[in-house]
Amino acid sequence: MKMSGAPARRRPLVRWRLAAAVALTCTMLAACTSEQFQKGYILPPGALEQIPIGASQDQVLIVMGTPSTVATLDGEVFYYISQRAERSVAFMNQKVTDQRVIAIYFDKNRQVRRLANYGLKDGKIFDFISRTTATSGQEMSYLQPLFKLLSFN
């Protein structure tokens, strides 16, 4: 006596379910990969090297673009603010990996007096160009809130 073809009909259904399970697993794993985020100003490669001391404010605007914010400290200062963060799993919180404030100081004639690339080193605001830690004063009173603002997730 010959049995009906039920087992033969189940094979394509089992294969389809297996393929769907594999596809679902791959999709879930892809969603868990590391992500990187860039917020704020993205510094073009070599941009700071194109701004010599004595350059005009117009030259800075051509090379760097519009600043994130402007302040007046013994002349004008352009601030370009950026932050990089990453998260290893899609549903986890972001972790800040780098935050920078590029400051371009101008004298009364609107020419570049000094450049600074501030970031955090050992928890303190550090200028990566002059390789010095910023000290207290009018400049620090402006930079500290910027870094606190950046650190907020």
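Scroll up to find the structure.
Cut-offs applied
- Residues numbered from 1 in each chain as written.
- Predicted model: local features only at pLDDT ≥ 70, side-chain atom pairs only at ≥ 80, totals over all residues.
- Heavy atoms only, no water.
- Helix = DSSP H or I, 4+ residues; strand = E, 2+ residues; numbered from the N terminus.
- Buried < 20%, exposed > 50% of the residue type's maximum accessible area, 1.4 Å probe, protein only.
- Contact = heavy atoms within 4.5 Å.
- Areas by Shrake-Rupley, 256 points an atom, 1.4 Å probe, with all protein chains shown as cover.
- Core = buried A, V, L, I, M, F, W, Y, C linked by side-chain atoms within 4.5 Å.
- Phe/Tyr/Trp six-rings, centres within 6.5 Å; stacked < 30°, edge-to-face > 60°.
- Lys NZ or Arg CZ within 6 Å of the ring centre and 35° of its normal.
- Salt bridge = Lys/Arg side-chain N within 4 Å of Asp/Glu carboxyl O.
- Polar contact = N/O pair within 3.5 Å; in protein donor to acceptor, adjacent residues only side chain to side chain.

Caption draft 1: Spotlight on the overall build of the chain. A tally of helices and strands in the chain yields three helices and seven strands. Put simply, the chain runs from its N terminus to its C terminus through helices and strands in the order α-β-α-β-β-β-β-β-β-α. Here the chain, with 153 residues, has 28% of them falling under the buried criterion. Long-range pairs, those at least 24 residues apart, make up 49% of the contacts in the chain with a sequence separation of at least 6. As presented, the chain carries roughly 10,600 Å² of accessible surface, and 58% of it is formed by carbon and sulfur atoms.

Caption draft 2: Spatial organisation of the nonpolar core. In terms of nonpolar packing, the biggest core is built from 14 residues, with I51, V60, M64, Y80, I104 and V112 touching the most fellow members. Contributions of two or more residues to this core are made by α2 (57-64), β3 (76-87), β4 (95-106) and β5 (112-121). Per-element accounting of this core gives the leading share, three residues, to β4. Residues V77, Y79, V101 and Y118 belong to the second largest nonpolar core, which totals nine residues.

Caption draft 3: Quick peek at the packing of aromatic side chains. Scanning all chains against the criterion turns up two aromatic pairs. Ring plane angle 50 degrees and centroid distance 4.8 Å describe the contact between Y41 and Y80, whose orientation is recorded as tilted. A residue pair is termed long-range when its members are at least 10 positions apart, and Y41 in the loop between β1 (35-40) and α2 and Y80 in strand β3 qualify at 39 residues. Its relative accessible area of 0% is what places Y80 among the buried residues. Consider the rings of F78 and F106, whose centres lie 4.8 Å apart with planes at 65 degrees: the pair is edge-to-face. Note that F78 is positioned in strand β3 and F106 in strand β4, a separation of 28 residues in sequence. Residue classification places F78 among the buried positions, given a relative accessible area of 5%. Given a relative accessible area of 0%, F106 falls into the buried group. For the cation-ring pair, R114 lies above Y105, with the distance from its terminal atom to the ring centre recorded as 4.2 Å.

Caption draft 4: A look at the pattern of salt bridges. If you walk through the whole model with that rule in mind, you get one salt bridge. Between R87 and E35 there is a salt bridge whose closest N-O contact spans 2.8 Å. Here E35 lies in strand β1 and R87 lies in strand β3, a separation of 52 residues in the sequence. Take E35: its relative accessible area is 28%, and that puts it in the partly exposed class.

Caption draft 5: Geometry of unusual backbone geometry. One non-glycine residue, R110, lies in positive phi territory at about 65 degrees. Of note, R110 is situated in the loop between β4 and β5. Taking the relative accessible area as the measure of exposure, R110 reaches 45% and is therefore partly exposed.

Caption draft 6: Summary view of the environment of Y118. As for its position among the elements, Y118 is in strand β5. Residue Y118 is classed as buried on the basis of its relative accessible area, which comes to 2%. Taking the C-alpha atoms as reference points, Y118 and Q99, 19 residues apart in sequence, are found 8.4 Å from one another. A polar side-chain atom of Y118 sits 2.9 Å from a polar atom in the side chain of Y105.

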